[in-house]
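In case you want the letters, here they are:
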Amino acid sequence: MKNYLKTIAVILVMSLNLNFQCDDDDNITPEPEQIIVTDIDGNTYETVEINGQIWMAENLKVKTLNDGTPIEVFNWTPDDDNWWFNSTSTPMYSFPFTGDLSNLHDDELPNDFYGLAYSHAAIETGKLAPEGWRVPTEADFVVLESYLEDNGYNIGAIKSNFGWSGNNNGSNELSFNALPNGYTVMTGSATGAQAIATFSTATIDSNNQRLFISLQDNDVIGSNFQDNRFGGAIRCIKIQ
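Report follows, based on the coordinates. It should be emphasised that the depicted structure is a prediction, and the values quoted were computed from it without experimental measurement.

**Here's the deal with the packing of aromatic side chains**
Thought 1: This structure, assessed with the given rule, holds 8 aromatic pairs.
Thought 2: A centroid spacing of 5.5 Å and a plane angle of 55° characterise the contact between phenylalanine 74 and tryptophan 83, whose relative ring orientation is tilted. The exposure classification of phenylalanine 74 matches that of tryptophan 83, with both residues buried.
Thought 3: Here the aromatic rings of phenylalanine 176 and phenylalanine 199 are separated by 6.3 Å at their centres, their planes lie at 80°, and the arrangement is edge-to-face. Of the two residues, phenylalanine 176 is situated in the loop between helix H4 (138–150) and strand S8 (183–184) and phenylalanine 199 in strand S10 (residues 197–204); the sequence distance between them amounts to 23 residues.
Thought 4: Put simply, the rings of Trp55, Phe141, Phe176 and Phe199 pair up and form one aromatic cluster.
Thought 5: When the ring centre of tryptophan 164 is taken as origin, the NZ or CZ atom of lysine 159, which lies over that ring, is 4.1 Å away.
Thought 6: One cation-aromatic arrangement involves arginine 235 over phenylalanine 176; the distance from NZ or CZ to the ring centre is 4.4 Å.

**Concerning the nonpolar core**
Thought 1: If you look at the biggest cluster of nonpolar residues, it comprises 22 residues, and the most contacted ones within it are Ile158, Phe176, Phe199 and Leu215.
Thought 2: Residue contacts for phenylalanine 199: discarding those within four places in its chain leaves Asn59, Phe141, Phe176, Ala178, Leu211, Phe212, Ile213, Leu215, Ala233 and Arg235.
Thought 3: Grouped together as the second largest cluster of nonpolar side chains are 20 residues, Val37, Leu65, Ala122 and Cys236 included.

Criteria and thresholds
- Residues numbered from 1 in each chain as written.
- Predicted model: local features only at pLDDT ≥ 70, side-chain atom pairs only at ≥ 80, totals over all residues.
- Heavy atoms only, no water.
- Phe/Tyr/Trp six-rings, centres within 6.5 Å; stacked < 30°, edge-to-face > 60°.
- Buried < 20%, exposed > 50% of the residue type's maximum accessible area, 1.4 Å probe, protein only.
- Helix = DSSP H or I, 4+ residues; strand = E, 2+ residues; numbered from the N terminus.
- Lys NZ or Arg CZ within 6 Å of the ring centre and 35° of its normal.
- Core = buried A, V, L, I, M, F, W, Y, C linked by side-chain atoms within 4.5 Å.
- Contact = heavy atoms within 4.5 Å.

Shown next as structure tokens:
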């Protein structure tokens, strides 16, 4: 009889332990699933969700429109006026400057390390982003900046924590990982790498100038309308 009671007691204890374990598991909040995006060329991009917006956490580097049309490559050389005259009518891309002027990287950077810079015509096709994604607008960046301000973050929270010259790295607390890609001037020449991050937007003013977003120090997000022959990186946002 005693052995029988001992057996019943052991079964009850095991049952209670199992119930407690199930309750503990039920209270665990699952981590959000990481979305990985693949473009038409097979490049993959990590993503990050900030205040309900889902952004790519990397700059776009696709060389083909999402309908399969190749984008023309522009490799700048002195006296080459192809970008100046044709970037507003021909979908083109160019490479940011990847020279390591401040010796911040141990290895030579690949030419698409900062993503690519795209011409006005390429953006205007509406076919740069992978299906389900788009080039962000001014309003998208306003939402992002407002979230930073309202929650006590400075701009460093979305800047990468490496690769910026002059000890100007960010903290990258929000994993947006904005790299200092520089920008493309109106002739197609690339400059400003390691010192400034520049993003092209889909927003155009009445003079057909494009809005560019810039990050330099850790205080404010800059925004300026510029001649549409300038170029910056593109950080896609998910269509919702």
